[in-house]
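Descriptive structure summary
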Amino acid sequence: MLKALIKKISPSSKKVDDTFDYYRATKKADMTPLVVVTGVTRVKSLESKYKNDIWLKREDRQPVYSFKLRGAYNKLRQLPANSNVITASAGNHAQGLAYSANHLGHRARIVMPSTTPQIKVEAVRNFGGEVIIYGQNFDAANAYAKELASKEGAVFVPPFDDRDVIVGQGTVARELLEQLEHLDAVFIPVGGGGLFAGMSAYIKAVNPDIKVIAVEAEDSACFAAAMDAGEPVDLDYVGSFADGVAVKRIGVETFRVGSAHCDEVITVSSDEICAAMQDIFVSMRAISEPSGALSLAGLKKWCDRTGETGKQLAAVLSGANLNFNTLRYVAERTALGQKNEALLAVTIPEERGSFKKFCEAIHSRPITEFNYRYSTGADQAQIFVGIGLRNGEEELLEVKSELSAASYEFVDLSDDELAKVHLRYMVGGRGGLLAKERLFRFDFPEYPGALLRFLETLGSHWNISLFHYRNQGAAIGNVLAGIDVPESDNDRFSQHLEQLNYDYFEETENPCYQRFLG
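All figures in this text were calculated on a predicted structure; none of them were measured in a lab.

**Brief notes about the side chain of Lys68**
Looking at the element boundaries, Lys68 is found in helix α3 (residues 68-76). Buried within the structure, Lys68 lacks any salt-bridge partner; Glu289 is the closest side chain of opposite charge, at an N-O distance of 9.6 Å. A polar atom in the side chain of Lys68 sits 3.2 Å from the backbone oxygen of Pro159. Not counting residues up to four positions away in its chain, the partners in contact with Lys68 are Asn92, His93, Pro159 and Gln169.

**Some points on the packing of helix α11 (residues 270-284) against helix α12 (residues 294-306)**
Contact geometry of α11 with α12 gives a least axis separation of 8 Å together with a crossing angle of 100°. Taken together, the axis directions place α11 and α12 in an arrangement best described as roughly perpendicular. Two secondary-structure elements touch here, α11 through Glu272, Ile273, Ala275, Ala276, Asp279 and Ile280 and α12 through Leu294, Leu296, Ala297, Lys300 and Lys301.

**Thoughts on the confidence of the model for the protein chain**
Across the protein chain, the average pLDDT comes to 87, with 91% of residues at 70 or higher. For residues 10-14, every residue scores under 50 in pLDDT, and the model assigns this stretch five contacts once sequence neighbours within four places are set aside.

**Description of helix α8 (residues 194-206)**
Taking 1.5 Å of rise per residue, the 13 residues of α8 would be expected to cover 18 Å, and the 19 Å separating its terminal C-alpha atoms lies within 8% of that figure. Within α8, 11 of the 13 residues are buried, which leaves the element mostly enclosed by the surrounding structure.

**Regarding α11**
The end-to-end C-alpha distance of α11 is 21 Å, a good match for the 21 Å that 15 residues give at a rise of 1.5 Å each. The set of residues buried in α11 consists of Ser270, Asp271, Ile273, Cys274, Ala275, Ala276, Met277, Asp279, Ile280 and Met284. One or two positions beyond α11, positive phi appears at Arg285, with a value near 55°.

**Considerations on the pairing of strand β10 (residues 264-268)**
Judged by how many residues are buried, β10 sits mostly within the fold: five of five residues are covered. Here β10 shows two buried faces, one formed by Glu264, Ile266 and Val268 and the other by Val265 and Thr267. Relative to β10, strand β9 (residues 211-217) runs parallel, the two being bridged by five bridges. Residue pairing in the sheet places Ala214 in a bridge with Val265 of β10.

**With respect to the packing of aromatic side chains**
This structure, assessed with the given rule, holds 14 aromatic pairs. Each ring, one from Phe20 and one from Tyr22, has its centre 4.6 Å from the other, and the planes form 70°; the classification is edge-to-face. According to the relative accessible area criterion, Tyr22 is buried, its value standing at 5%. Aromatic pair Phe440 and Phe493: ring centres 5.6 Å apart, planes at 55°, arrangement tilted. With Phe440 in strand β16 (residues 437-445) and Phe493 in helix α18 (residues 490-500), the pair connects residues that are 53 residues apart, well separated along the chain. Comparing Phe440 with Phe493 shows no difference in burial state: the two are buried. Aromatic rings pair up to connect Phe440, Phe442, Trp462, Phe493 and Tyr504 into one cluster. Over the aromatic face of Phe281 sits the side chain of Arg285, whose NZ or CZ is 5.4 Å from the ring centroid.

**Observations regarding the environment of Glu59**
Secondary-structure assignment places Glu59 in the loop between β3 (53-58) and α3. For the pair Glu59 and Gly39, spaced 20 residues apart in sequence, the C-alpha separation works out to 8.1 Å. With sequence-adjacent residues up to four places away left out, Glu59 is seen in contact with Thr38, Tyr65, Ser66, Phe67, Arg70, Val172, Val316, Leu317 and Ser318. At 3.3 Å, the side chain of Glu59 forms a polar contact with the side chain of Gln62. Here the side chain of Glu59 touches Arg70 through a polar contact of 2.7 Å, side chain to side chain.

**Points about the sheet that holds strand β7 (residues 155-156)**
Read across the sheet, four strands follow the order β6-β5-β4-β7 without closing on themselves; strand pairing throughout is parallel. Every other strand in the sheet has two partners, leaving β6 (130-133) and β7 as the edge strands with one partner each. Pairing between strand β4 (residues 84-88) and strand β5 (residues 107-112): five bridges, direction parallel. The partner of Val85 across the bridge, within β5, is Ala108.

Calculation rules
- Residues numbered from 1 in each chain as written.
- Predicted model: local features only at pLDDT ≥ 70, side-chain atom pairs only at ≥ 80, totals over all residues.
- Heavy atoms only, no water.
- Helix = DSSP H or I, 4+ residues; strand = E, 2+ residues; numbered from the N terminus.
- Buried < 20%, exposed > 50% of the residue type's maximum accessible area, 1.4 Å probe, protein only.
- Lys, Arg positive; Asp, Glu negative; His and termini not counted.
- Salt bridge = Lys/Arg side-chain N within 4 Å of Asp/Glu carboxyl O.
- Polar contact = N/O pair within 3.5 Å; in protein donor to acceptor, adjacent residues only side chain to side chain.
- Contact = heavy atoms within 4.5 Å.
- Axes fitted to C-alpha atoms, helices over the stretch in contact; angles between N-to-C directions.
- Parallel < 35°, antiparallel > 145°, perpendicular 65-115°, else oblique.
- pLDDT = per-residue confidence, 0-100.
- Expected span 1.5 Å × (residues − 1).
- Pairing = 2+ DSSP bridges.
- Phe/Tyr/Trp six-rings, centres within 6.5 Å; stacked < 30°, edge-to-face > 60°.
- Lys NZ or Arg CZ within 6 Å of the ring centre and 35° of its normal.

Printed below as a string of structure tokens:
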């Protein structure tokens, strides 16, 4: 798993190019009548915890449930009447463009990859957009959209790397500073960088003392990577949970503007995003999409790290276009994100009364999960156990100390992705006599028939000895596969993996696998 990042930006690294005045353009941008002036809501459940005033700018209240309407509308309102516009998008930009074009009388076509959830396809159609399904990923859809625009002389509307789009997104900051007289820091989510570039340029022009902090998902931190490299670069891998910010490469213009005004970059895990989604629900009974809760997750991490109190802090609830099936995943991961649950692998004697003794050792703390499989002839058993915590990491240290005092051997799996996504649903047996089982996690585009195609692509040269698949309602499916590979076949098998064209991670040495499945 990638380590969470907190990166401070030194003033000397900032290079301001004033060839275009984003502040003035944003100040005069007319968002009426389509864009709603969204309110700000206090996050009271976190204010009492962190002793700060914490506000959320409610962009989930836009007609398309996302800030993306602003950039699309500002771009399209510059065009001549009855223009022909094209874009590629699997999410909020598509809906913002369709809604804006319908209002302004333009023809809008949106190319969407076949992995796009049907709920988003129907939303674009309901807003008046024409949908073209093409390709199995965004890159293929984007290339086709640009090809269509070029052939037909249509206007291609980028989702973020465009000055008019950036200006439109910057109006979020214009409203925010009118609504809150004093702010110490603003936390802004980053995907392609349009929102961050627009907001940061406006905020720093009005008040340079306000800290502007970028927040990214740790598995799609293209802005942080660009800051390290000094220019936009491609990420080797992009996670899919926070799909609204799952961008491989930050925009050229968004990076130029954003890097000039950024004070800090914070990255957060999927579990921390899930925990922030719960905070939003608890405080205001609103459900955000994962990328919508991203900046609040960063705000929490900043408060935990700095210990600052008495501050005025704001974050952007950037969207609420959530695939309902994703809520199952969110509920599962929230307890871990809030540090209210720990996952442990523990070795106990294979004898009667062992579970009772284990519960006594942890002083009857609540057991949230217990997985066990009897093994004939064994004198020890491996259990996979979830333990409820009331005081987070401090209490987890107490649990570990109690287990050590009782002479239990254990491994903390709370941060192990294999354990959280797969193992907790499949503990129960070992492979027996196999030539050489190797374990892999695969990510593959999710669309009807995708699982069958994955199996066909994997081929029949080697036996599949273990298999677990979960559809989380996202654009990417997750497979855990054990494959029986004789040592003499390792080179040929490695070459075959490279030809699969799927992201994969070998987990053969993972302690979860070694203890429970290997």
